[in-house]
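# Understanding the architecture of this molecule
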Amino acid sequence: GLTGSSPLAIKLRGELDLGRLTGLDPTLTAQGLVLIEAQADGTVASPHLAGALDLRNLGISSSEIPFFLSNGNGLITLDDNRLRINSFRAIANNA
């Protein structure tokens, strides 16, 4: 099994259609794409992350909260043990 000293060598490249996640919570509606290019190395106890998440046309709303985002676009980078929001723009509640 994986222990703290187990080495990591993981690469992930692809896209996630957020519309497919709505089945996880029936009160949540999501749309848009997340383009993923990431890697992890180091060990399980001390992973080193690198890569980026490119958010495209993100939209999120909930039937339980009167708030929604649309036209969200941005870039999130992974840098060792940090997740950095480099840029993000969206429209909240049509305003």
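Residues numbered from 1 in each chain as written. Predicted model: local features only at pLDDT ≥ 70, side-chain atom pairs only at ≥ 80, totals over all residues. Heavy atoms only, no water.

When you go through the protein chain residue by residue, the secondary structure sums to zero helices and five strands. In sequence order, the secondary structure elements of the protein chain are arranged as β-β-β-β-β. Taking 2.2 N^0.38 as the reference for a compact globule, 95 residues should give roughly 12 Å; the C-alpha atoms of the protein chain span a radius of gyration of 16 Å, well beyond that estimate. Taken over the C-alpha atoms alone, the protein chain extends approximately 50 × 30 × 20 Å along its principal axes. Counting every position in the protein chain, which comprises 95 residues, the buried fraction comes to 20%. Put simply, 39% of the contacts in the protein chain that link residues at least 6 apart link residues at least 24 apart. When the accessible area of the protein chain is evaluated, it comes to approximately 6,700 Å², of which 56% is carbon and sulfur surface. Once the 7 positive and 9 negative side-chain charges of the protein chain are each reduced to a mean point, those two points are 7 Å apart. (Helix = DSSP H or I, 4+ residues; strand = E, 2+ residues; numbered from the N terminus. Rg over C-alpha atoms; globule rule 2.2 N^0.38 Å. Buried < 20%, exposed > 50% of the residue type's maximum accessible area, 1.4 Å probe, protein only. Contact = heavy atoms within 4.5 Å. Areas by Shrake-Rupley, 256 points an atom, 1.4 Å probe, with all protein chains shown as cover. Lys, Arg positive; Asp, Glu negative; His and termini not counted. Charge placed at Lys NZ, Arg CZ, Asp CG, Glu CD.)

Right, let's get into the sheet that holds strand β3 (residues 47-62). If you walk across this open sheet you meet the five strands as β1-β2-β3-β4-β5, and the pairing is antiparallel. Two strands close off the open sheet at either side, each with one partner strand: β1 (7-17) and β5 (82-92). Neighbouring strand axes in the sheet, compared pairwise and without regard to direction, differ in orientation by 10 degrees on average. (Pairing = 2+ DSSP bridges. Axes fitted to C-alpha atoms, helices over the stretch in contact; angles between N-to-C directions.)

Mapped onto the elements, Ser6 comes out in the segment before β1. For Ser6, a relative accessible area of 11% corresponds to the buried category. Residues Ser6 and Gly32, 26 residues apart in the sequence, show an inter-C-alpha distance of 35 Å. Each residue touching Ser6, except ones within four places of it in the same chain, is listed here: Gly1, Gly42, Thr43 and Val44. For Ser6, the side chain forms a polar contact with the main-chain nitrogen of Thr3, separated by 2.9 Å. (Polar contact = N/O pair within 3.5 Å; in protein donor to acceptor, adjacent residues only side chain to side chain.)

Time to look at the environment of Arg84. Residue position: Arg84 is located in strand β5. It is 20 Å that separates the C-alpha atoms of Arg84 and Gly14, two residues lying 70 residues apart in sequence. Leave out the neighbours within four places in its chain, and Arg84 touches Leu75, Ile76, Thr77 and Asp79.

Applying the stated criterion to the full structure yields three salt bridges. With a shortest N-O distance of 3.6 Å, Arg13 and Glu37 are connected by a salt bridge. Of the two residues, Arg13 sits in strand β1 while Glu37 sits in strand β2 (residues 28-43), which places them 24 residues apart along the sequence. Its salt-bridge partner being Arg56, residue Asp54 comes within 2.9 Å of it at the nearest N-O pair. (Salt bridge = Lys/Arg side-chain N within 4 Å of Asp/Glu carboxyl O.)

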